[in-house]
Amino acid sequence: MQSETITQALTAVCREIDRVDACMLLQHVLNVNHAFLLTYPDHVLIPQQTTEFFCLAKQRIGGTPIAYLTGERAFYDLNFKVTEAVLIPRPETELLVEWALKLIPVDQPRKILDLGTGSGAIAITIAKHRPQSQVTAVDLSADALAVCRWNTKNLRVNNLHLIAGNWFDELSGERFDLIVSNPPYVAESDPHLKQGDLRFEPQIALSAGDNGLACIGHIINAAPRHLVKSGWLLLEHGYDQAAACRRLLAHRDFSNICCYPDLAGIMRVSGGQMNASVSI
Ligand code: GLN
């Protein structure tokens with residue numbers, strides 16, 4: 001493969017892939033930031049880099065998500081390793097983290113639970129911003145937990161405890177001040193599962209039965225047994241599931257039930273507080 005400059009390499013692929021994607025791949029191959037690409041357009045790639053760049057670009061043309069090609073994705077203020085074993089962290093999930101951080105005092109110990117943690121984006125970000133808290137992160141997938149463990153170490157988080165298990169199954173008798181989750185919620189029949197990045201992501205992390213509500217329903221139903229009095233449950237959900245979430249939360253006697261929209265204006269996160277007067 002002949003040597004190419006930054007400009008030549010980008011131009012060669014830009015007809016077939018998005019320019020932003022091409023830049024991200026080239027930054028990854030050269031281990032530089034975007035400013036480097038802009039500042040040194042005539043920088044010459046070594047042949048190995050050229051080969052790697054075109055190989056990644058080819059995979060991108062085939063649809064592989066950028067995050068799986070570069071092996072990382074920024075979330076909130078941290079950078080997470082991602083593999084095909086975990087969902088790619090999304091900006092709308094930052095809303096869940098923001099709400100959680102508002103509920104957790106900075107200077108007091110709190111017990112937080114993240115169900116279906118995947119890469120650990122939610123749990124690790126909360127743990128990092130609330131060092132007095134003890135965060136427990138649960139996932140069913142051993143491969144996902146390995147990614148989460150790697151991120152925990154890499155981001156130097158030491159107030160996070162990982163558990164392999166199915167939702168609350170390994171937590172009998174344990175109660176938390178706050179439970180958060182971004183569970184699978186896409187309906188199994190949703191055509192989006194066969195489009196874009198979703199085709200490459202783990203189905204176990206994306207889709208659920210009962211029109212997408214099976215896991216959300218299970219979590220809402222079981223959460224009161226794992227929350228302290230006045231504890232909160234916050235859940236991310238699908239674009240059309242806010243009303244159903246509200247109904248499920250109300251049915252389990254949660255109070256202060258609220259929904260918040262994501263940046264696109266779509267109701268995306270719902271939650272409620274355990275009613276201190278309800279016996280559980
Ligand atoms: N938000 C994802 C989507 O784009 C789904 C994530 C999930 O199921 N938790 O469909």
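The following refers to the structure shown. In this text the structure is predicted, and so the values were computed from the model without any measurement. (Residues numbered from 1 in each chain as written. Predicted model: local features only at pLDDT ≥ 70, side-chain atom pairs only at ≥ 80, totals over all residues. Heavy atoms only, no water.)

Topic: the pattern of salt bridges
Moving on, step 1. One pass over the structure, following the stated rule, counts four salt bridges.
Moving on, step 2. Note that K111 and E174 form a salt bridge whose closest N and O atoms lie 3.3 Å from each other. Taken together, the residues span a long stretch of sequence, with K111 in strand β3 (residues 111-115) and E174 in the loop between β5 (160-164) and β6 (176-181) at a distance of 63 residues.
Moving on, step 3. Here E174 falls in the partly exposed class, since its relative accessible area comes to 26%. (Salt bridge = Lys/Arg side-chain N within 4 Å of Asp/Glu carboxyl O. Helix = DSSP H or I, 4+ residues; strand = E, 2+ residues; numbered from the N terminus. Buried < 20%, exposed > 50% of the residue type's maximum accessible area, 1.4 Å probe, protein only.)

Topic: the nonpolar core
Moving on, step 1. Grouped together as the largest cluster of nonpolar side chains are 31 residues, with contacts concentrated most on L113, L115, F168, L171, I179, L233 and F254.
Moving on, step 2. Secondary structure elements with two or more residues in this core: β3, β6, α10 (214-222), β9 (227-236) and α11 (242-251).
Moving on, step 3. Broken down by element, the residue count for this core peaks at five residues, all from α10.
Moving on, step 4. Setting aside residues no more than four positions away along its own chain, F168 makes contact with L113, L115, I179, I219, A222, A223 and H226.
Moving on, step 5. Ranked by size, the runner-up nonpolar core spans 28 residues in total, among them L78, A121, A127 and V135. (Core = buried A, V, L, I, M, F, W, Y, C linked by side-chain atoms within 4.5 Å. Contact = heavy atoms within 4.5 Å.)

Overview of the site of the ligand
Moving on, step 1. All residues adjacent to the ligand are L87, R90, E92, N182, P183, P184, Y185, V186, L198, A205, L206 and E236.
Moving on, step 2. Note that a nitrogen atom of the ligand is positioned 2.8 Å from one of the side-chain N or O atoms of Y185.
Moving on, step 3. Contact with the protein chains hides 87% of the accessible area of the ligand, taken as 300 Å² for the molecule alone.
Moving on, step 4. Broken down by class, the residue content of the shell around the ligand amounts to eight nonpolar, one polar and three charged. (Near = heavy atom within 4 Å. Polar contact = N/O pair within 3.5 Å; in protein donor to acceptor, adjacent residues only side chain to side chain. Areas by Shrake-Rupley, 256 points an atom, 1.4 Å probe, with all protein chains shown as cover. Nonpolar A, V, L, I, M, F, W, Y, C, P; charged D, E, K, R; others polar.)

Some details on helix α7 (residues 121-129)
Moving on, step 1. Of all nine residues in α7, seven are buried; the element is thus mostly enclosed.
Moving on, step 2. Within α7 the residues assigned to the buried category are A121, I122, A123, I124, T125, I126 and A127.

Observations regarding the pairing of β9
Moving on, step 1. Within β9, seven of the 10 residues are buried, which leaves it mostly tucked inside the rest of the structure.
Moving on, step 2. Bridging between β6 and β9 involves five bridges; their strand directions are parallel. Across the sheet, the residue bridging to F176 is L227, located in β9.
Moving on, step 3. Alignment of β9 against strand β11 (residues 267-274), held across five bridges, turns out to be antiparallel. Within β11, the residue paired with L235 across the bridge is S270. (Pairing = 2+ DSSP bridges.)

Examining helix α1 (residues 6-13)
Think of an α-helix as 3.6 residues a turn; residues three or four steps apart then line up on the same face.
Moving on, step 1. Regarding α1, the residues found buried are I6, A9, L10 and V13. Along the axis of α1, the buried residues cluster in a sector spanning 95 degrees; they form a single face.
Moving on, step 2. Those residues of α1 hidden inside the fold are in contact with α2 (19-30), α3 (34-39) and α4 (47-61). (Arc of directions from axis to C-beta.)

What is shown is where atoms sit, not what they do.
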